[in-house]
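Residues per chain, in single letters:
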Amino acid sequence: QVQLVESGGGSVQAGGSLRLSCGLSGRTFSTYVMGWFRQAPGKEREYVAAIRWIDGNTDYADSVKGRFTISKDNAKNTVYLQMNSLKPEDTAVYYCAARLLITNEYHHWGQGTQVTVSL
């Protein structure tokens with residue numbers, strides 16, 4: 001059974017940095033794409049970034065390009081989201097998710113971790 005466990009959320013002032021981690025277990029993830037999503041209060045969940053496990057290819061939402069970096073550690077089976085130059089509008093619950101390469105839908109989700117950015 002696939003399990004995703006996020007950690008690293010917290011509170012930070014605008015301009016600060018946080019690094020989120022997503023620990024993966026339950027199977028080999030070489031055929032998966034790992035994604036980060038976020039949901040702010042009263043808003044729909046939105047895509048943040050993704051990384052293809054097999055070759056490390058990455059993709060970002062325009063709102064975070066140049067500020068966030070997604071990466072992975074194969075040995076630790078962990079995906080990271082380094083968030084720099086944080087803004088109050090980045091405040092949200094951040095979720096790690098996984099989907100197979102051959103699908104477009106993310107089937108596996110973590111429990112989420114809160115990120116709060118204050119002025």
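Here the structure is shown first, and the text comes after it.
The structure reproduced in this document is the subject of the present report. All of these numbers come straight from a predicted model, not from anything done at the bench.

The phi torsion at N77 lies on the positive side, around 50°, for a residue other than glycine. With respect to the helices, strands and loops of the structure, N77 is situated in the loop between β7 (68-73) and β8 (78-83). The phi angle at S85 is positive, at roughly 50°, despite the residue not being glycine. Turning to its location among the elements, S85 is positioned in the loop between β8 and β9 (92-100).

Here the focus is the pattern of salt bridges. Applying the stated criterion to the full structure yields 5 salt bridges. Here E46 makes a salt bridge to R38, at a shortest N to O gap of 2.5 Å. We note a salt bridge from R38 to D90, for which the minimum N-O separation is 2.9 Å. Taken together, the residues R38 in strand β4 (residues 32-39) and D90 in the loop between β8 and β9 connect sequence positions 52 residues apart. Overall, R38 belongs to the buried group, its relative accessible area being 5%. Residue D90 is classed as buried on the basis of its relative accessible area of 0%. Bridged by salt links that share partners, the residues R38, E46, R67 and D90 form one connected network.

Burial along strand β1 (residues 3-7) is one-sided: L4 and E6 are buried, and none of Q3, V5 and S7, which face the opposite way, are. Taken together, the 5 bridges between β1 and strand β3 (residues 18-25) define a ladder with antiparallel strand orientation. Within β3, the position partnered with E6 by the bridge is C22.

If you look at the biggest cluster of nonpolar residues, it comprises 31 residues, and the most contacted ones within it are L24, M34, W36, V79, L81, M83 and Y94. Taken together, the elements giving at least two residues each to this core come down to β3, β4, β5 (46-52), β7, β8, β9 and β11 (113-118). Each residue touching L81, except ones within four places of it in the same chain, is listed here: L18, R19, L20, W36, V48, A49, F68, T69, I70 and Y94. Within the second largest apolar cluster, 5 residues are counted, among which are V33, F37, A50 and A97.

Across a sheet, paired strands are connected by hydrogen bonds in the backbone, their directions being either parallel or antiparallel. The strand order across the open sheet formed by 4 strands is β1-β3-β8-β7, and the pairing between neighbours is antiparallel. Since the sheet does not close on itself, it has two edges, and those belong to β1 and β7, each with one partner. Strand-to-strand, the axes of this sheet are offset by a mean angle of 15°, without reference to chain direction. The sheet contact formed by β7 and β8 spans 6 bridges and is antiparallel. In the strand pairing of β8, K72 is matched with V79.

Cut-offs used in this document
Residues numbered from 1 in each chain as written. Predicted model: local features only at pLDDT ≥ 70, side-chain atom pairs only at ≥ 80, totals over all residues. Heavy atoms only, no water. Helix = DSSP H or I, 4+ residues; strand = E, 2+ residues; numbered from the N terminus. Salt bridge = Lys/Arg side-chain N within 4 Å of Asp/Glu carboxyl O. Buried < 20%, exposed > 50% of the residue type's maximum accessible area, 1.4 Å probe, protein only. Pairing = 2+ DSSP bridges. Core = buried A, V, L, I, M, F, W, Y, C linked by side-chain atoms within 4.5 Å. Contact = heavy atoms within 4.5 Å. Axes fitted to C-alpha atoms, helices over the stretch in contact; angles between N-to-C directions.

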